[in-house]
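As a plain string of letters, each chain reads:
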Amino acid sequence: MTFSIRLIRENTWIISGEGCDCYLLEGQKEAIMIDAGCSSENIRAYAQSFTTRPLKRVINTHSHYDHTGGNGFFEEVLCTEKISRSAKNTMGRNPDKYPLDYTFTIVEDGDVINLGGRELKIIELDCHSPGDIAVLDMTDRMLFTGDEIDSGQVLLLPGYAEQPGQIHAKAAASVETCLRTMRKLEALKPQFDAIYPSHNGSPISTSYIDWFITLCEGIISGEIVGRKDCSSRSYTTEATYYPYPSSGYLRGEYKGASLVYNSKLIKDQDYENAETLLPATPLHIIASYTSRR
Ligand SMILES: [Zn+2]
């Protein structure tokens, strides 16, 4: 079987397979998934076999295909408008292997999804990629962060295209934006007990938020300067989107927090010249996708 599953509390599972770690959340009326991975096998049918509640909906934390590839197996795909623009970009994978004739239900910051006795709130972050969200489980005090926080690294790389043939050279966010994102999560800390990311192990401590804040502040002030070698145990030079050495990306670290950022995109105002920066990654892969919406 393509998938494996782990029960992490009475009503919540992690499903691992191709792409990211996905979450299955069960309420009294329905079950829902957070992210869909990118196996061409039916992840919804697999997940449904573990819960008696109907599973028809999936929430996308962001548009990257390792999170959205399985969307077409669900009746309803919930995401922000920005996510919907590039969620069908197969990022180099064969589009014929995936059902892509689905539509989106648009959600916004602050929207609440009620599973029956279990409420999820959409937290828009817009940092790792455009329109990114976290999902706050207000009932069970869990924060699902997608790729906005994980214990391996947070990547501020390009990695999306809204139109076929479109090439982005700039990262989705500056370090300053990342700092703002972390502060938004810091303000929510009284409402959750642990963080549930999409990669590199789950759950992780809420301390990561504090570490990322210190890290971003240090990079902005110049006290922390990242190293040119952006690799880590979980992100190697063989990774599809590992940045070219000449593209200006660095890896900055503080305690458990690790951030791959562009040394020319520290502050938001740096965006004025962002389109002139060298491409970070093999962007032809992103540009070659066929839109099928
Ligand atoms: Zn991602």
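Described below are features of the structure shown in this document. Here the structure is a predicted model, which is why all the values come from computation and not from measurement.

## Considerations on the side chain of Ser202
Mapped onto the fold, Ser202 is located in the loop between β13 (194-197) and α5 (207-221). A distance of 2.7 Å separates a polar atom in the side chain of Ser202 from a polar atom in the side chain of Tyr23. Apart from residues lying up to four places away in sequence, Ser202 is in contact with Arg6, Ile14, Tyr23, Ile195, Tyr196 and Pro197.

## Some details on the sheet that holds strand β15 (residues 257-262)
Taken in spatial order, the 3 strands line up as β12-β15-β14 in an open sheet, and their pairing is mixed. Edge positions in the open sheet fall to β12 (154-155) and β14 (249-254), since each of these has one partner strand only. Examined bridge by bridge, β14 and β15 share 6 bridges and lie antiparallel to one another. Considered in β15, the bridge of Arg251 is made with Val260. The strands touched by α5 are β12, β14 and β15; relative to β15, the strand with the most contacts, the crossing angle is about 40°.

## Re the coordination of the zinc ion
Within the protein, His62 (NE2), His64 (ND1), His128 (NE2) and Asp147 (OD) serve as the donor atoms for the zinc ion, at 2.2 Å. Coordination geometry of the zinc ion: the 4 donor atoms subtend angles of 89 to 170° at the metal centre, consistent with an arrangement described as irregular. Site description for the zinc ion: donor spacing in sequence, H-x1-H-x63-H-x18-D. Residue His128 is located in the loop between β9 (119-124) and β10 (133-137), and its partner Asp147 is located in the loop between β11 (142-146) and β12; the two are separated by 19 residues in the primary sequence. Judged by its relative accessible area of 8%, Asp147 is buried.

## Some points on the nonpolar core
Residues Met33, Ile59, Ile149, Leu156, Phe212 and Leu259 are the most contacted members of the largest nonpolar core, which totals 89 residues. In terms of residue count, the dominant contributor to this core is α5 (7 residues). Ignoring any residue separated from it by four or fewer positions in sequence, one finds Ile149 in contact with Val154, Met182, Leu185, Ile195, Pro197, Ile204, Tyr208, Ile209 and Phe212.

## Considering unusual backbone geometry
Only a minority of non-glycine residues have a phi that is not negative, and only a minority of peptide bonds are not trans. Cis peptide bonds are those with omega within 30 degrees of zero, and the linkage from Ser202 to Pro203 qualifies with 0°. Position of Pro203 relative to the elements: it lies in the loop between β13 and α5. Even without being a glycine, Asp126 presents a positive backbone phi close to 65°. Looking at Asp126, the relative accessible area reads 25%, which means it is partly exposed. You will see that Asn200, though not glycine, has its phi angle at about 65°, which is positive. Relative to the elements of secondary structure, Asn200 occurs in the loop between β13 and α5.

## Quick look at helix α4 (residues 175-187)
If you check α4, its first and last C-alpha atoms are 19 Å apart, about what 13 residues at 1.5 Å a residue would give, namely 18 Å. Within the span of α4, buried status applies to Val175, Thr177, Cys178, Leu179, Thr181, Met182 and Leu185. Considering only its buried residues, α4 is in contact with β11, α5 and β15.

## Let's talk about the packing of α4 against α5
Axis separation between α4 and α5 bottoms out at 9 Å; the angle between their running directions is 150°. Considered as vectors, α4 and α5 are oriented roughly antiparallel to each other. Note on packing geometry: the crossing formed by α4 with α5 is left-handed. For the pair α4 and α5, contact is made by Val175, Glu176, Cys178, Leu179, Met182, Arg183, Leu185 and Glu186 and by Ile209, Asp210, Phe212, Ile213, Cys216, Glu217, Ile219 and Ile220, respectively. Residues that form the contact of α4 with α5 fall into these classes: 11 nonpolar, no polar and 5 charged.

Thresholds, definitions, all that
- Residues numbered from 1 in each chain as written.
- Predicted model: local features only at pLDDT ≥ 70, side-chain atom pairs only at ≥ 80, totals over all residues.
- Heavy atoms only, no water.
- Helix = DSSP H or I, 4+ residues; strand = E, 2+ residues; numbered from the N terminus.
- Polar contact = N/O pair within 3.5 Å; in protein donor to acceptor, adjacent residues only side chain to side chain.
- Contact = heavy atoms within 4.5 Å.
- Pairing = 2+ DSSP bridges.
- Axes fitted to C-alpha atoms, helices over the stretch in contact; angles between N-to-C directions.
- Donors = N, O, S within 2.8 Å, 3.2 Å for Na, K, Ca; no water.
- Tetrahedral: all angles 85-135°; square planar, octahedral: opposite > 155°, others 65-115°.
- Buried < 20%, exposed > 50% of the residue type's maximum accessible area, 1.4 Å probe, protein only.
- Core = buried A, V, L, I, M, F, W, Y, C linked by side-chain atoms within 4.5 Å.
- Expected span 1.5 Å × (residues − 1).
- Parallel < 35°, antiparallel > 145°, perpendicular 65-115°, else oblique.
- Left-handed = near helix turned anticlockwise from the far one by under 90°.
- Nonpolar A, V, L, I, M, F, W, Y, C, P; charged D, E, K, R; others polar.

Take it as geometry only, folks, not as evidence of what the structure does.
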